Amino acid sequence: MIKHQRDFWSGIMFAVVGLGFVVFAREYDMGTAQRMGPAFFPTVLGGLLALLGLVVAFKGWFKRAVDGTDGTVGSFDWRAVGFVLGAVIVYALLLKPMGLVVAMVVLIAIASLGSHEFRWIEIVALSAVMGLIVWAVFIYGLKLTIPVWPAFLVN
Amino acid sequence: MELLNNLALGFATALSLQNLMYAFFGVLIGTLIGVLPGIGPVATLAMLLPTTYALEPTSALIMLAGIYYGAQYGGSTTAILVNLPGESSSVVTCLDGYQMARRGRAGAALGLAAIGSFIAGSFATVLVAAFAPPLTELAFKFGPAEYFSLMVLGLIGAVVLASGSLIKAIGMILLGLLLGLVGTDVNSGVARFSFDIPELADGLGFVAVAMGVFGFAEIIANLAQRGHREVFTSKVGPLLPTGKDMKQAAPAIARGTLLGSILGILPGGGALLASFASYTLEKKIAGAKADPPFGQGNLRGVAGPESANNAGAQTSFIPMLTLGIPPNAVMALMIGAMTIHNIQPGPQVMTSNPSLFWGLIASMWIGNLMLVILNLPLIGLWIQLLKVPYRWLYPAILTFCCIGVYSINNNVFDIYITAGFGMLGYVFYKLKCEPAPLILGFILGPMMEENLRRAMLLSRGDPTTFFTRPLSLTLLLIAAVLLLIVLAPSIQRKRGEAFQEAD
């Protein structure tokens, strides 16, 4: 039984990532001590991280948490993750073809659904207010070069 | 009096109508966003970085510095009124500040925080002005070996002040260093760890990583918590502390200022360490006869850490301005901003860009003054802002983040990277791995490798070069001592206690 799950999994994460860097660095040249190649630094750091990860995982396996918690990771709130990151990814997908206005409204709508207390009327109002602020600050004020309207309408 | 001449030049620059305006904007927007719970200075700066692209370099840096103090100060306001730290360095302000608010003394707590911050900020500004030139001199003596050792010291410093497990903090640093290496290797031209994705050949963007790990992850965590917020808005009480309050708080402000100034200069230091250390010190000095006890609304528990974190925030500019090395994530962003404006950070900035260098320093004091003037009367506005429900705030924050990340390179790919690091940040949050050391490692990774390679080339492959050069040896010794001190069992227990109180 794992005594301290958070530490155990942190250790596994470090070990896997560290090892990954070591493995992928093998494609590059190690060089010499005087002329270090591109593989040298990542290999050393990755090796250190992998070792350290094993130590952390080992400690997590045998030692209880000392901070008064039971050391469990706790459940992931996939709903929050999905709506927040999903909204961002959809925004990124829509930005070039559909422009800022459409992308932003969709972003706000999807992200708002992640909250447990959203109301449609609020999403509409928020989109309108944000649209004005964003236009005033970024487009009119700072003149950032962001496509504002859908590409097929502009051309 | 060279110092006076320099400061005169600085004030002449900072007091131009245009720069005053940008300093004011910076402080105002910084406070506005800093007040929102869950957005610290790093996320605020990352979000607002694009707003300064169009400005000339001096104005841009002045505005960014203003945003930084503003965000810092806004964080304290939130800590006192809502018991939610706006950012990590105001965690300790929650302890006594919120208790003061519950006793109907929110106004006094806010006033003390403002006055303490101003005093500390003024002192630290003078310190920066006085110490920057000699340190710049020293920096010119630094070779690659010294730079490498200095960064080792900085990273060890970052480990010491990470609040959780020491060994996990080291892991996060290594992870950050490795992530920083993604992209084209400057010496060989090999695109490392890019997996044939052209955008990755330029490396991971700092703003994307910082915004994902700090901003997005925080939003997800907040949504997952569904916590209940209690805002003390009805009775803030008089803002000006009474004479008795001031008399009681004055020594704490003085101690906090000194402590914060020193800790801010340390690599890896800055506002966070300063406020924790000051709180621990005040509690120790007051002992058992503190009235009211610490944690129940003692005003020294607000005045000390608030002065310390502002002093630390200010003096952390010293290593950034003189050596070009960021002591913390905020300064890393400032360096990023300088590079965007084609200013190579390092000791040469003072001579090649004196008006920028001294103007920035002078603007620190002006910014602090504006904070006091701005915040005391505007407190009502911040309270209104705190009443805005979170379900309206986070979509707006996400929107600003997405626009900000995109506009750095006009590239959608950076938004995907940010989303990826948001996920990673949430995993870190769940595993209680602190993200701050990761960010520092991320910035220092390429610099460290570059200097390591140069040092080894100069020494013809002899690694003892780091120990035979006196400056380098000194830096490494300090790092070793720091590490030994933290690893000592008695200190480790104390460190645990100090951070535990803040939880």
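1. What to know about the overall build of chain A
- A count of helical and extended segments in chain A gives 5 helices and 0 strands.
- Each helix and strand of chain A, placed in order from N terminus to C terminus, yields the pattern α-α-α-α-α.
- For 155 residues, the compact-globule formula gives about 15 Å, and the C-alpha radius of gyration of chain A, at 24 Å, lies well above that figure.
- Principal-axis analysis of the C-alpha atoms gives chain A an extent of 55 × 50 × 25 Å.
- Counting the 155 residues in chain A, one finds 35% classified as buried.
- For chain A, contacts bridging at least 24 residues in sequence account for 64% of all contacts bridging at least 6.

2. Details of the overall build of chain B
- When its secondary structure is counted, chain B shows 22 helices and 2 strands.
- The C-alpha extent of chain B, read off along each of the three principal axes, is 65 × 55 × 50 Å.
- For chain B, the residues scored as buried account for 62% of the 503 residues in total.
- Taking the contacts inside chain B whose residues are at least 6 apart along the sequence as the reference set, 80% of them involve residues at least 24 apart.

3. Thoughts on the environment of Gly11 of chain A
Residue and element names in this part refer to chain A.
- Relative to the helices and strands, Gly11 is located in helix H1 (residues 5-25).
- The buried category is assigned to Gly11, around which 25 C-beta atoms lie within 10 Å.
- Measuring from C-alpha to C-alpha, the distance between Gly11 and Ala57 comes to 4.2 Å, with 46 residues separating the pair along the chain.
- The contact partners of Gly11, leaving out residues within four places of it in the chain, are Gly53, Leu54, Val56, Ala57 and Gly60.

4. Quick notes on the environment of Trp358 of chain B
All names here are of chain B.
- Along the chain, the position of Trp358 falls in helix H16 (residues 354-387).
- Each C-alpha atom, one on Trp358 and one on Gly10, is 4.1 Å from the other, the two residues being 348 residues apart in sequence.
- Apart from the residues within four sequence positions on either side, Trp358 is in contact with Asn6, Leu7, Leu9, Gly10 and Thr13.

5. Some thoughts on the domain arrangement of chain A
- Its domain assignment divides chain A into domain 1 (5-62) and domain 2 (78-154).
- Placing the centre of domain 1 of chain A and that of domain 2 of chain A at their C-alpha centroids yields a distance of 39 Å.

6. A word on the interface of chain B and chain A
- Between chain B and chain A, the residue contacts involve 54 residues of the former and 61 residues of the latter.
- Mapped by element, the contributors of at least two residues to the side of chain B that touches chain A are helix H8 (166-180), helix H9 (206-225), helix H17 (390-409), helix H18 (413-431) and helix H19 (435-458) of chain B.
- Among the elements that take part in the side of chain B that touches chain A, H17 of chain B stands out by supplying 11 residues, more than any other.
- Within the side of chain B that touches chain A, the residues separate by chemical class into 35 nonpolar, 9 polar and 10 charged.

7. Some thoughts on the nonpolar core
- Ranked by size, the top nonpolar core spans 219 residues in total, and within it Val84, Val88 and Leu107 of chain A together with Ala109, Ile173, Ala210 and Leu398 of chain B carry the most contacts.
- Both of domain 1 (5-62) and domain 2 (78-154) of chain A provide at least three residues apiece to this core.
- Among residues more than four places away in sequence, those in contact with Ala210 of chain B are Val42, Ala46, Ala329 and Ile439 of chain B.

8. Some points on the packing of H9 of chain B against H17 of chain B
Residue and element names in this part refer to chain B.
- Packing of H9 against H17 leaves a shortest axis separation of 11 Å and a crossing angle of 165°. By the angle class used here, H9 and H17 are roughly antiparallel. Seen along the crossing, H9 lies across H17 with a hand that is left-handed. In contact with Val207, Ala208, Met211, Gly215, Ile219 and Asn222 of H9, H17 contributes Tyr390, Tyr394, Ile397, Leu398, Cys401, Val405 and Ile408.
- Across the contact of H9 with H17, the residue classes tally to 11 nonpolar, 2 polar and no charged.

9. Topic: the packing of helix H4 (residues 57-82) of chain B against helix H5 (residues 91-102) of chain B
Residue and element names in this part refer to chain B.
- H5 packs onto H4 with a crossing angle of 50° between their chain directions and a minimal axis gap of 6 Å. Here H5 runs oblique to H4, going by the angle between their axes. For the pair H4 and H5, the sense of crossing is right-handed. Along its contact with H4, which presents Ser76, Ala79, Ile80 and Leu81, the element H5 presents Thr93, Cys94, Gly97, Tyr98 and Ala101.

10. Side note on the confidence of the model for chain A
- Summing up the model confidence of chain A, the mean pLDDT is 87 and the portion of residues at 70 or higher is 97%.
- When pLDDT is averaged over each helix and strand of chain A, the minimum, 76, is found for helix H5 (residues 151-154) of chain A and the maximum, 93, for H1 of chain A.

11. Concerning helix H2 (residues 17-35) of chain B
- With 19 residues, H2 of chain B extends 27 Å between its outermost C-alpha atoms, agreeing within 8% with the 27 Å of an ideal straight helix rising 1.5 Å per residue.
- Every buried residue of H2 of chain B is accounted for by Asn19, Tyr22, Ala23, Gly26, Val27, Ile29, Gly30, Thr31, Ile33, Gly34 and Val35 of chain B.

12. What about helix H14 (residues 329-340) of chain B?
Residues and elements named next belong to chain B.
- Between its terminal C-alpha atoms H14 stretches 17 Å, which fits the 16 Å expected from 12 residues at 1.5 Å a residue.
- The buried fraction of H14 amounts to 10 of the 12 residues, a majority that puts the element mostly inside the structure.
- Buried within H14 we find Ala329, Val330, Met331, Ala332, Leu333, Met334, Ile335, Gly336, Ala337 and Met338.
- If you follow the buried residues of H14, they end up packed against helix H3 (41-48), H4, H9, helix H13 (317-323) and H19.

13. With respect to the environment of Val186 of chain B
- Among the secondary structure elements, Val186 of chain B is positioned in the loop between strand E1 (183-184) and strand E2 (191-192).
- Taking the C-alpha atoms as reference points, Val186 of chain B and Gly422 of chain B, separated by 236 residues in sequence, lie 28 Å from one another.

Calculation notes
- Residues numbered from 1 in each chain as written.
- Chains lettered and ligands numbered in written order.
- Predicted model: local features only at pLDDT ≥ 70, side-chain atom pairs only at ≥ 80, totals over all residues.
- Helix = DSSP H or I, 4+ residues; strand = E, 2+ residues; numbered from the N terminus.
- Rg over C-alpha atoms; globule rule 2.2 N^0.38 Å.
- Buried ≥ 20, exposed ≤ 12 C-beta atoms within 10 Å, placed from the backbone.
- Contact = placed C-beta atoms within 7 Å.
- Domains from an automatic or database assignment.
- Nonpolar A, V, L, I, M, F, W, Y, C, P; charged D, E, K, R; others polar.
- Core = buried A, V, L, I, M, F, W, Y, C linked by C-beta atoms within 7 Å.
- Axes fitted to C-alpha atoms, helices over the stretch in contact; angles between N-to-C directions.
- Parallel < 35°, antiparallel > 145°, perpendicular 65-115°, else oblique.
- Left-handed = near helix turned anticlockwise from the far one by under 90°.
- pLDDT = per-residue confidence, 0-100.
- Expected span 1.5 Å × (residues − 1).

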